Amino acid sequence: MEKTLKEKIGYALGDGAANIAWRGVPTFLFIFYTDVFGLNPAIVGLLLLIAMFSDGISDIAMFSWSDSTMNETVNMPTQGKSFSMETIKKLFFYCFRRRKH
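Residue indices follow the written sequence of each chain, beginning from 1 at its first position. Two thresholds apply to this predicted model, a pLDDT of at least 70 for residue-level local features and 80 or more for giving and counting side-chain atom pairs, whereas whole-chain, interface and lining totals are computed over all residues. Here the side-chain values reflect all heavy atoms present in the structure, with hydrogen atoms and water set aside.

Caption draft 1: Seen up close, the overall build of the protein. In terms of regular secondary structure, the protein is built from 3 helices and 0 strands. Secondary structure follows DSSP: runs of H or I at least 4 residues long count as helices, runs of E at least 2 residues long count as strands, and numbering of each begins at the N terminus. In the protein, the succession of helices and strands from N to C terminus is α-α-α. Split into buried and exposed, the 101 residues of the protein put 6% on the buried side. Only heavy atoms matter for contacts: two residues are in contact if any of them lie within 4.5 Å across the pair. When contacts within the protein are restricted to residue pairs at least 6 apart in sequence, long-range pairs at least 24 apart make up 25% of them. Calculation of accessible area relied on Shrake-Rupley with a 1.4 Å probe; when residues are assessed, cover is drawn exclusively from the protein chains displayed. By element, 67% of the accessible surface of the protein is carried by carbon and sulfur atoms, the whole surface being about 9,100 Å². Note on classification: 1.4 Å probe, protein chains only; a residue is buried when its accessible area is under 20% of the maximum for its type, exposed when over 50%, partly exposed between these limits.

Caption draft 2: Region of interest: helix α1 (residues 5-35). Under the 1.5 Å per step criterion, the end-to-end length of α1 is 44 Å for 31 residues, consistent within 8% with the ideal 45 Å. Where α1 bends most, at Gly24, the angle is about 25°, and the proline Pro26 comes one to four residues later. Here the expected length of a helix is defined as 1.5 Å per residue gap, with one fewer gap than residues. Think of it this way: the bend at a residue is just the angle between two axes, each fitted to seven residues, one set ending at that residue and the other starting at it.

Caption draft 3: Structural context of the confidence of the model for the protein. Confidence of the predictor at the level of single residues is given by pLDDT, which spans 0 to 100. With 75% of its residues at a pLDDT of 70 or more, the protein has an overall mean of 79. No element of the protein has a lower mean pLDDT than helix α3 (residues 81-96), which averages 67, and none a higher one than α1, which averages 89.

Caption draft 4: Seen up close, the packing of aromatic side chains. Each pair of aromatic rings taken from Phe, Tyr and Trp, with Trp reduced to its six-membered ring, is defined by centres within 6.5 Å and is described as stacked if the planes are under 30 degrees apart, edge-to-face if over 60, and tilted in the remaining cases. This structure, assessed with the given rule, holds 4 aromatic pairs. Pairing Phe28 with Phe32 gives two aromatic rings, centres 5.8 Å apart and planes at 25°, and the pair type is stacked. You can see Phe28 and its partner Phe32 sitting in helix α1, 4 residues apart, about one turn around the helix. You can call Phe32 partly exposed: its relative accessible area is 28%. Both rings, one in Phe32 and one in Phe37, keep their centres 5.2 Å apart while their planes meet at 75°; by these two values the pair is edge-to-face. Accessibility expressed as a relative area gives 52% for Phe37, which makes it exposed. Members of the aromatic cluster, connected to one another through ring pairs, are Phe28, Phe32, Tyr33 and Phe37.

Caption draft 5: Region of interest: a nonpolar patch on the surface. Among the surface-exposed residues, Phe53, Ile57, Phe92 and Phe96 lie close enough to one another that they form a single nonpolar patch of about 390 Å² accessible area. Its location among the elements puts Phe92 in helix α3. Each patch is built from residues that are more than 30% exposed by relative accessible area and take part in no salt bridge. Like charges join if they lie within 9 Å; nonpolar side chains (Val, Leu, Ile, Met, Phe, Trp, Tyr) join within 5 Å. Each reported salt bridge corresponds to a side-chain nitrogen of Lys or Arg within 4 Å of a carboxyl oxygen of Asp or Glu.

This is the structure we're talking about:
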């Protein structure tokens, strides 16, 4: 079903507003922590990095958990879970492994 121009503009405005919120909050926090609390910008950057990294890890954990349960409303089986989780595990391992020089 093709979307009308009005619907497309509505979706674009909603997505733009969401992006402003998602980028605006970390920017505000960075300025707030450095100016109000007087923290070193490197420490604030590390704090935000750790927060975003832990968010990424929890996303993978929730993906794994939701894929391993059966959806009773739709009765959707969990086919393909093993391939996707194995791929994510391998990518994670190869990105963060220690290299021997």
